[in-house]
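In case you want the letters, here they are:
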Amino acid sequence: MDSARDEPVLDVRGLRVEYRGDGRSVVGADDVSFSIGAGEVFGLAGESGCGKSTIANAVMRLLKPPAEITAGSIRFQGRDVLALDGRELRAFRWREIAMVFQSAMNSLNPVLTIGEQIGDIFTTHEKLKKRAARERAGELLELVGIDPGRLKAYPHQLSGGMRQRVVIAMAVALRPRLLIMDEPTTALDVVVQQEIMAQIRDLQRELGFSILFITHDMSLMVELSDRMGVMYGGRIVELANAKDLFAKPLHPYTEALMNAFPPLTGPRRELTGLFDAPRTADSCGFHVRCPDDRSDCSANIPDLREVAPGRWVAQSAQGAP
Amino acid sequence: MTHPLLSVRGLTKDFQVGTVFSRRRVRAVDDVSFDLPAGRITALVGESGSGKSTIARCLARLEQPSAGQVLLDGEDVLRTERRRASQVYRRKVQMVFQDPFGSLNPVHRIEHFLARALVVHGHPATGEALRELMTTVGLTEDMLQSYPHELSGGQRQRVAIARALAVRPRLILADEPTSMLDVSVRVGVLNLMRRLREERDIAMLYITHDLGSARYLADTTMVMFAGELVEGGDALAVMDAPAHPYTRLLLSAVPDPERAGSYDPVERARLREAILNPTSCPYGDDGTCSRTEPVRHIVGEDDGQPHWVRCHLRAPASDIARRVLKATDDTEKAETTAA
């Protein structure tokens, strides 16, 4: 498996997703490129509607009309994900890439016990007998720090944090190479959020999967991620090592996103929040409040350029970052 | 004598849980007392299940407290209007809920919500009044004709705030008003709340688990854990110099790349155990918490507000001695401490 270590687990190139309506189409993602190495945690940050969930759904091949991938490629360990047929997809999802959805804790079936739901994975995908599946389900619960005795519990008998852990346990049940997490802790309070994040770090250390982590919380993302991209209006506007990006954001939007959260230290000062003018065909929507003279990008968000090794930012050739 | 706008004394709320065969009581709020002064924003922070929403629901009179007093302008409303809140009370105290998607009836236009609130409380629902409400919360007039599903979460939350404002309240209870909103509109709603306090002198109880926003918005912050208030004081002082171990723990849980991994889940489990079954406090090796409940100690004063904490470790030395003396189960140790 040494060759696989050098090769990225996931490689997305020039991905473009359009939502086609009657006579007009909206671009959900535009020219998005990134790769995730083995065991790496890659983050995608941005506000609602920036296209981060669109990317996740594209990678999982979950996009349904009117959404359509109109350009680009998605390769997973060298395989062309966009070319998989229905049968291959069934084997690919969950076993190769698993996903924890936003408010996933509400995705458990309320009329089945936790044990039955986890057991289903093993009876369906590994053709295990019921008793063996139940045993595996118990081991899986232990892995995320829940007493296997809770297999008989129904989802409503568990707290939000526990339900979220069950969902994460289910996602890693078949030992996927890549775990996609779309806002896994958004509905949880800070204490439970910390516990879930610690759990994810432990699991990753133990099982060695890569993570595509999606959230709007920059601080949380920097804590977990190795590298990260910031998305705005369907495009990645900055891509870098997470710590470097947090220490010195180069794109004005990255800075605005970081300042959208009231800080816990320092003097109290008025925050302005993010500008919520939508991006239109002839403006990026954000240029209006850009601190720098970025008249070059009033029409569109420029392409990413490498300004330092591994550090990419959306700016035109002559524009200052 | 002047009263604070709203005073809460000894508020306690028990819930019955379990089946018919194994009934037990859970004490969601345990002997909580605080004041909400007019024109000030008071934040109530704590984790899920700490009882902060139960306090708001008791104050909105959606739950009947098991014990305690709620004094509005010095009058105990639980005594004078025992079963349900009077219209006078509801006119003074309004609530904004967490979920702006669930708190607006989808079959009505925005105009309906605001007009109804105005009419029920005896104000004429003129076009001018409606327009004024919309501009106050930063929405445009034409949205009056919209249905809730046509608005974004942030806009809906603004409608909920406008509806509360329609009755011209003196206190707004805001239960996690921004936690379900997207990051791009959260600060806007916080700024709106601050403006309402400044321009209309409305007092607010801001309930949240987002400590950063509490520090940003509030004048006073109170920290709640396992049904009890454990610390309170000036919003900046509580965050910058937390005195109670739980407050420090809560702060360490806030994501911050500069001190990643400082949160200790084992510590929280021990603290929770200590508060629910006060047989041992993980911090006090002399076991004072097991003999007496900690009382409030003043640890500082900022901006004219006392900064208090309920923790034996922060008690003045003489205070510890007095309370240990009172404890009956360990007189011998009491004598040595007093000496």
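Rules behind the numbers
Residue positions are given per chain, counting from 1 as you read along its sequence in written order. Chain letters and ligand numbers both follow the written order, the letters beginning at A and the numbers at 1. Only residues with pLDDT of at least 70 get local features here, since the model is predicted, and only at 80 or more are side-chain atom pairs given and counted; chain-wide, interface and lining totals rely on the full set of residues. By convention in this description, side-chain values take in all heavy atoms of the structure and omit both hydrogens and water. Each helix corresponds to a stretch of at least 4 residues labelled H or I by DSSP, and each strand to a stretch of at least 2 residues labelled E; elements are numbered beginning at the N terminus. Axes here mean lines fitted to C-alpha atoms, for a helix over just the part in contact, with angles spanning 0 to 180 degrees between N-to-C directions. Put simply, angles under 35 degrees are roughly parallel, angles over 145 are roughly antiparallel, angles from 65 to 115 are roughly perpendicular, and the rest are oblique. Two helices cross in a left-handed way if the nearer one is turned anticlockwise from the farther one by less than a right angle. They cross in a right-handed way if the turn is clockwise. Contacts are assigned to residue pairs with any non-hydrogen atoms lying within 4.5 Å of each other. Residue type decides the class: Asp, Glu, Lys and Arg count as charged, Ala, Val, Leu, Ile, Met, Phe, Trp, Tyr, Cys and Pro as nonpolar, and the leftover types, Gly among them, as polar. For two strands to be treated as a pair, DSSP must find at least two bridges joining them. A 1.4 Å probe defines the accessible area here, and the buried area is the portion of it lost by two parts on being joined, summed over both. Think of a salt bridge as a Lys or Arg side-chain nitrogen and an Asp or Glu carboxyl oxygen that are within 4 Å of each other. Here a polar contact is taken to be a pair of N or O atoms separated by no more than 3.5 Å, where protein atoms must pair a possible hydrogen donor with a possible acceptor and residues adjacent in sequence count only if both atoms sit in side chains.

Visitor: Got a minute to help me understand the environment of A:K64 in this structure?
Guide: Relative to the helices and strands, A:K64 is located in the loop between α2 (52-59) and β4 (67-76). The spatial distance from the C-alpha of A:K64 to the C-alpha of A:Y19 is 9.5 Å, given a sequence separation of 45 residues.

Visitor: Looking at this structure, I do not really get the packing of helix α4 (residues 114-125) of chain A against helix α5 (residues 130-143) of chain A. What am I missing?
Guide: Angle between the axes and distance between the axes: these two values describe a pair of packed helices. Residues and elements named next belong to chain A. At a closest axis distance of 8 Å, the pairing of α4 and α5 adopts a crossing angle of 115°. With respect to each other, α4 and α5 are oriented roughly perpendicular. The way α4 lies across α5 gives a crossing that is right-handed. Contacts from I114, G115, E116, I118, G119, F122 and T123 in α4 reach K130, A133, R134, R136, A137, L140 and L141 in α5. Looking at the contact of α4 with α5 residue by residue, the classes come out as seven nonpolar, three polar and four charged.

Visitor: Before we go on, may I ask you to explain the sheet that holds strand β2 (residues 25-36) of chain A in this structure?
Guide: Consider a sheet: its strands pair through backbone hydrogen bonds, and that pairing is either parallel or antiparallel. Residue and element names in this part refer to chain A. Spatial ordering of the open sheet is given by β2-β1-β4-β5, a layout of four strands whose pairing is antiparallel. Of all strands in the sheet, those with a lone pairing partner are β2 and β5 (79-80), marking the two edges. As judged from the two bridges shared by β4 and β5, these two strands associate in the antiparallel manner. In the strand pairing of β5, F76 is matched with R79.

Visitor: Is there a simple way to explain the interface of chain B and chain A in this structure?
Guide: One frequently used descriptor of interface size is the decrease in accessible area upon assembly of the parts. If you look at the interface, chain B gives 36 residues, while chain A gives 32 residues. Note on chain B versus chain A: buried area summed over both sides is about 3000 Å², and carbon and sulfur give 60% of it. Where chain B packs against chain A, one counts one salt bridge. The partner of B:R194 in a salt bridge is A:E270, with the nearest N and O atoms 3.7 Å apart. Put simply, chain B and chain A have 10 residue pairs in polar contact (both at pLDDT 80 or more) between them. If you tally residues by element for the side of chain B that touches chain A, the top one is helix α7 (residues 183-200) of chain B, at eight residues. Along the lines of polarity and charge, the residues of the side of chain B that touches chain A split into 20 nonpolar, six polar and 10 charged.

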